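Coordinate inspection notes
The primary structure of each chain is shown beneath.
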Amino acid sequence: MANYTGSCLCGAITAEIIAEPKWVGNCHCPSCRRVSGAAFATYAGFDAAAVKFSGDTPNTHKSSPGAIRHFCNECGSSIAFEGEAWPEEIHLHIGFIKEADSLKPETHVYTKTKLEWLHIDEDGLPKFDKFSDQ
Ligand SMILES: [Zn+2]
Ligand SMILES: [Zn+2]
C-alpha cells in the first residue's frame with residue numbers, strides 16, 4: 001500500500017511512493033523557478049528506492065553540473081529533481097503528488113534569490129540564503 005501516489009498532468013507518468021518524505025521544502029532559486037513555471041518550487045525529498053514510476057519513463061534535462069530534472073515528454077509537467085549532492089534521493093515536485101495537501105513544507109531555501117513581491121516572513125518556517133547547511 002503506497003503512502004503517496006503521483007501523476008503528471010496527462011497521466012502518462014504515474015508513481016507509487018512507499019515511504020514518508022525525508023523533508024519537504026520550498027526552493028526559491030532561479031532554476032527551480034524556471035523549471036516549475038511558478039514563483040518558487042516545493043519539493044518532497046524521498047529515498048529514490050521508495051519511488052516506483054510506471055507508465056512512460058520521465059525524460060531528463062541536465063540543468064546544471066550534477067543536477068538532473070525529470071519531466072513528462074507528453075505534457076511537459078515537471079516531475080522531479082536529482083542532484084549529486086543528494087545521492088540516493090529523489091526530490092518530487094509537490095504538484096506531481098496527489099496527496100500534496102498533507103505534505104507541508106518545513107523550510108525555505110535559496111531565499112537570497114526569492115522574488116521580492118513574495119512575502120514569506122510570517123509563515124514561521126526557517127529560511128536559508130542557500131541550503132540549510134550553509
Ligand atoms: Zn504527462
Ligand atoms: Zn532550487
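These figures come from a predicted structure and were not determined experimentally.

What to know about the overall build of the chain
Regarding its fold elements, the chain presents one helix and 10 strands. For the chain, the N- to C-terminal ordering of α and β elements is β-β-β-α-β-β-β-β-β-β-β. For the chain, whose C-alpha radius of gyration is 14 Å, the value lies close to the compact-globule estimate of 14 Å for 134 residues. For the chain, the C-alpha atoms occupy an extent of roughly 40 × 30 × 25 Å along the three principal directions. The proportion of buried residues among the 134 residues of the chain is 33%. A separation threshold of at least 6 residues defines the contact pool for the chain, and within that pool the share at least 24 residues apart is 52%.

Concerning the pairing of strand β8 (residues 78-83)
Across a regular strand the side chains alternate sides, sitting on one face of the sheet and then on the other. Sheet topology places strand β7 (residues 67-71) next to β8; five bridges connect them, and they run antiparallel. Note that in β8 the partner of F71 across the bridge is S78. In this antiparallel pair of consecutive strands, β7 and β8, the connection spans six residues, and G76 shows a positive phi of 80°. Pairing geometry for β8 and strand β9 (residues 89-93), over two bridges, is antiparallel. In the strand pairing of β9, A80 is matched with L92. Between the antiparallel neighbours β8 and β9 lie five residues, among them E88 with a positive phi of about 70°.

A few points about the environment of G124
Inspection of the secondary structure puts G124 in the segment after β10 (107-109). The exposed category is assigned to G124, around which 6 C-beta atoms lie within 10 Å. Taking the C-alpha atoms as reference points, G124 and T111, separated by 13 residues in sequence, lie 14 Å from one another.

Examining the sheet that holds strand β5 (residues 51-55)
Spatial strand order, β1-β2-β5: three strands in an open sheet with antiparallel pairing. What marks the edges here is a single partner per strand, and that holds for β1 (4-7) and β5. Strand-to-strand twist in this sheet, taken as the mean axis angle between neighbours without regard to direction, amounts to 20°.

Here's the deal with the sheet that holds β7
Strand order in the open sheet made by the seven strands is β6-β7-β8-β9-β4-β3-β10, with mixed pairing throughout. Where the open sheet ends on each side, the last strands, each with one partner, are β6 (59-64) and β10. On average, each strand axis in the sheet is tilted by 30° relative to the strand beside it, whichever way the strands run. As paired strands, β6 and β7 are joined by five bridges and run antiparallel to one another.

Examining the environment of S78
Tracing the chain through its elements places S78 in strand β8. C-alpha of S78 to C-alpha of A49: the two residues are 29 residues apart in sequence and 20 Å apart in space. Every residue in contact with S78, bar those within four places of it in the chain, is listed here: V35, S36, R69, F71 and H93.

Thresholds applied
Residues numbered from 1 in each chain as written. Chains lettered and ligands numbered in written order. Predicted model: local features only at pLDDT ≥ 70, side-chain atom pairs only at ≥ 80, totals over all residues. Helix = DSSP H or I, 4+ residues; strand = E, 2+ residues; numbered from the N terminus. Rg over C-alpha atoms; globule rule 2.2 N^0.38 Å. Buried ≥ 20, exposed ≤ 12 C-beta atoms within 10 Å, placed from the backbone. Contact = placed C-beta atoms within 7 Å. Pairing = 2+ DSSP bridges. Axes fitted to C-alpha atoms, helices over the stretch in contact; angles between N-to-C directions.

Read these as geometric descriptors, not functional statements.
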